[in-house]
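Given next are the chains, with one letter for each unit.
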Amino acid sequence: MGTREREIYDIVGIGFGPSNLSLAIALEEHQENASGRPVTAAFFERQPEFGWHRNMLLPQATMQISFLKDLATFRNPLSKYSFVSYLHDSNRLVQFVNNQDFFPTRQEFHQYLQWAEAGFKDRVSYNSEVTEVRVVDEESAGEGQHLEVEVRDTVGGGTRVVKARNVTVSTGLVPRMPEGMERDERVWHSSEFLAKFATVRPEELKSVAVVGAGQSAAEITKYLHDMLPGAQVSAILPSYGYSVADDTPFANQVFDPNAVDHYYFGTEKTRDAFWRYHKNTNYSVVDDDVIRELFRRSYEEEVAGAQRLHFLNLTRVKEVKRSGDDTRVVLHSLLDGETEQEMDVDALVFATGYSTMDPTGLLGDLDRFCLRDTEGRHQVERDYRVVTTPELSCGIYLQGGTEHTHGLTSSLLSNIAVRSGEIADSLVERRGAGAKV
Ligand code: FDA
Ligand code: NAP
């Protein structure tokens, strides 16, 4: 039997990754807090503790954004939750500057996120998976319309129902396997890489392969090459080699806060141009230094006459045949469109990317109030609130899953400080306008 709480929060956050952590900070720093009318918030996270793509915290992997694009600085440069503040608190600010690098390691950024999260433990419940959101109209009880958020305890198994005037769905990207491919103890997706790698003794891995030509694939290929000095490491690339992620200054402007307005208020043609010209800033691309490092290693092996790093260009996986610990990969070459080759591996990693966040499942029956565009995607207001029919006065905010309305930054960190400030403002303004936020 689940427990039911009395308080109606102004907002309940589903997931506690960087997006909702940034929102928690924006709410704490909002002037409404100083006026004594804080927006009340509770957050629910299914992981046992804070963690940001932990299975990809590979040594030396660096951030793909400047350290100044942290949880708060672009919204509030004076925030005590900035990366600079974290460095100062860790007594590393001077050395960080001496290091002269805009791009910290992912491990250091993870430490920063944990440091910031420590200030919000009273508002977050871990081991808590949100399974459903529904609407309740209880005029008789004087509570008015509100949402009920059902939360499952992932350890004890019980459920708890929490009430809210608004929810923010911030559940992140969803790992994507190619159609027909299943994960198991020897076939992994990159999102589970380090945990799965830790389950196998390295000496059992004589031949491994990584599928994909994005950042995850390149980083994992490099890591396997480092960690398995006796193994054959094959990179199965759908392209004719890795392509570089464009992070040059003009192109980087697509991640600016202003670009969200250009995208949102632009025409279909505007939006199409953003994707057509600038997809290579983020998708199926790899940082320059990682590409050069992999090529250098391969060339050195060629010179030494001992090649164990292999790049299979223009190749896709057609089938995976599994039997015990044996894995046979059927490869289809796009070089002639015909050749099929079979390769035996001890582990196969699909670094085949992620699908965008889709709140449909979580919203369940509530989704019938949500308006969709002609392509069936949620309509979303500029303040990241889903457009709903007038019967629903409660708000559903999205952090993620808004590529079609707000552009390339939707699933990224680049704009989260500004976005969470906009959501905090929206909550306060709509409350001021009489809506029971
Ligand atoms: P994120 O996925 O981080 O968090 C969502 C949280 O919700 C998770 O903790 C999850 O457990 C939880 N959750 C999901 N469903 C739930 C439910 N039903 N109930 C409760 N909790 C639930 N971007 C960038 O700009 N710069 C970068 O350097 C990188 N680097 C990077 C590395 C790797 C390996 C990946 C895969 C991605 C990136 N990204 C990135 C993009 C990435 O989307 C971004 O860094 C953040 O993770 C986005 O933060 P969110 O909080 O939106 O999602
Ligand atoms: P991604 O960029 O979407 O790349 C996925 C790759 O898999 C693409 O090359 C894709 O090829 C390929 N692929 C998909 N289906 C395939 C199939 N059936 N057969 C063969 N190849 C297939 O995914 P990602 O590398 O995981 O990156 C996702 C996000 O995480 C990006 O934003 C990235 O920047 C970020 N990331 C950041 C870091 C870091 O900060 N250091 C590390 C890793 C990831 P097609 O192009 O043909 O589809």
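Residues numbered from 1 in each chain as written. Chains lettered and ligands numbered in written order. Predicted model: local features only at pLDDT ≥ 70, side-chain atom pairs only at ≥ 80, totals over all residues. Heavy atoms only, no water.

**Side note on the site of ligand 2**
Inspection of the region around ligand 2 gives 21 residues, with Gln64, Ser216, Glu219, Asn282 and Ser284 positioned closest. One nitrogen or oxygen atom from the side chain of Asn282 is found 2.7 Å from an oxygen atom belonging to ligand 2. Contact distances for ligand 2 include 2.7 Å between an oxygen atom and a side-chain N or O atom of Ser284. Alone, ligand 2 offers 930 Å² of accessible surface; in the complex the protein occludes 81% of this. Considering every element that reaches the shell around ligand 2, the biggest residue donor is helix H7 (residues 215-227), with three residues. Here the residues of the shell around ligand 2 sort into eight nonpolar, 10 polar and three charged. Of the domains in this structure, domain 1 (8-173 + 356-432) and domain 2 (176-244 + 283-353) are the two that each give at least three residues to the shell around ligand 2. (Near = heavy atom within 4 Å. Polar contact = N/O pair within 3.5 Å; in protein donor to acceptor, adjacent residues only side chain to side chain. Areas by Shrake-Rupley, 256 points an atom, 1.4 Å probe, with all protein chains shown as cover. Helix = DSSP H or I, 4+ residues; strand = E, 2+ residues; numbered from the N terminus. Nonpolar A, V, L, I, M, F, W, Y, C, P; charged D, E, K, R; others polar. Domains from an automatic or database assignment.)

**So, the pattern of salt bridges**
When the charged atoms of two side chains with opposite charge come close together, those side chains can pair. With the rule as written, the count across this model stands at 40 salt bridges. Residue Arg271 is joined to Glu268 by a salt bridge in which the shortest nitrogen-to-oxygen separation is 3.3 Å. Of this pair, Arg271 and Glu268 both sit in helix H10 (residues 268-278), three residues apart, which is roughly one turn of the helix. Here Asp383 and Arg430 are joined by a salt bridge, their closest N and O atoms 3.0 Å apart. With Asp383 in the loop between helix H12 (360-363) and strand S17 (395-398) and Arg430 in helix H14 (residues 416-432), the pair connects residues that are 47 residues apart, well separated along the chain. Within the structure, one salt-bridge network assembled from shared partners comprises Asp226, Glu293, Arg296, Arg297 and Glu300. (Salt bridge = Lys/Arg side-chain N within 4 Å of Asp/Glu carboxyl O.)

**What to know about the environment of Leu294**
Along the chain, Leu294 turns up in helix H11 (residues 288-304). A C-alpha to C-alpha distance of 6.6 Å links Leu294 and Lys222, two positions 72 residues apart in sequence. Residues contacting Leu294, with those up to four places away along its chain left out, are Ala218, Thr221, Lys222, Tyr242, Leu309 and Phe311. (Contact = heavy atoms within 4.5 Å.)

**Here we look at the sheet that holds strand S10 (residues 232-236)**
Taken together, the five strands give an open sheet; going across it, the order is S8-S15-S9-S10-S11, and neighbouring strands pair in parallel fashion. Sheet topology places strand S8 (187-189) and strand S11 (309-312) at the edges, where each strand pairs with a single neighbour. Averaged over all adjacent pairs, the angle separating strand axes in this sheet is 20°, with direction ignored. Inspection of the sheet shows S10 paired to S11 by four bridges, in the parallel sense. Across the sheet, the residue bridging to Ala235 is Phe311, located in S11. In the packing of H7 onto the sheet, the strands contacted are strand S9 (207-211), S10, S11 and strand S15 (347-350), and the crossing angle to S9 comes to about 165°. (Pairing = 2+ DSSP bridges. Axes fitted to C-alpha atoms, helices over the stretch in contact; angles between N-to-C directions.)

**Side note on the sheet that holds strand S14 (residues 340-345)**
The strand order S12-S13-S14 describes an open sheet built from three strands, whose pairing is antiparallel. Whereas interior strands pair on both sides, the edge strands pair on one side only; in this sheet they are strand S12 (315-323) and S14. Direction aside, the axes of adjacent strands within the sheet are offset by 25° on average. Pairing between S12 and strand S13 (residues 326-333): eight bridges, direction antiparallel. Each residue of the ladder has a partner; that of Lys321, found in S13, is Arg328.

**Some points on the packing of aromatic side chains**
On inspection of all chains with the given rule, the structure shows 23 aromatic pairs. Arranged with centres 5.5 Å apart and planes meeting at 65°, the rings of Phe83 and Phe96 form a pair that is edge-to-face. Linking Phe83 in helix H3 (residues 83-89) with Phe96 in helix H4 (residues 93-99), this pair joins segments that are 13 residues apart in sequence. For Phe83, a relative accessible area of 0% puts it in the buried group. The buried category is assigned to Phe96, whose relative accessible area is 10%. Among the aromatic residues, those joined into a cluster by ring pairs are Trp52, Phe67, Phe83, Tyr86, Phe96, Phe102, Phe103, Phe109, Tyr112 and Trp115. Looking at Arg106, its charged tip hangs above the ring of Trp52, at a distance of 4.2 Å from the centre. The positively charged end of Arg419 is found above the aromatic ring belonging to Tyr384, 5.9 Å away from the centroid. (Phe/Tyr/Trp six-rings, centres within 6.5 Å; stacked < 30°, edge-to-face > 60°. Buried < 20%, exposed > 50% of the residue type's maximum accessible area, 1.4 Å probe, protein only. Lys NZ or Arg CZ within 6 Å of the ring centre and 35° of its normal.)

**Details of the site of ligand 1**
Looking at ligand 1, there are 28 residues lining it, with Ser19, Glu45, Gln64, Ser411 and Leu413 nearest. At 2.9 Å, a side-chain N or O of Gln47 approaches an oxygen atom of ligand 1. Separating an oxygen atom of ligand 1 from a backbone N or O atom of Gln64 is a distance of 2.9 Å. Surface burial for ligand 1 is 90%, taken as the share of its 990 Å² of free accessible area covered by protein chains. Of all the elements in the fold, those that place two or more residues in the shell around ligand 1 are helix H1 (18-29) and strand S4 (128-138). No other element matches the three residues that S4 contributes to the shell around ligand 1.

Don't take any of this as a statement about function, it's just geometry.
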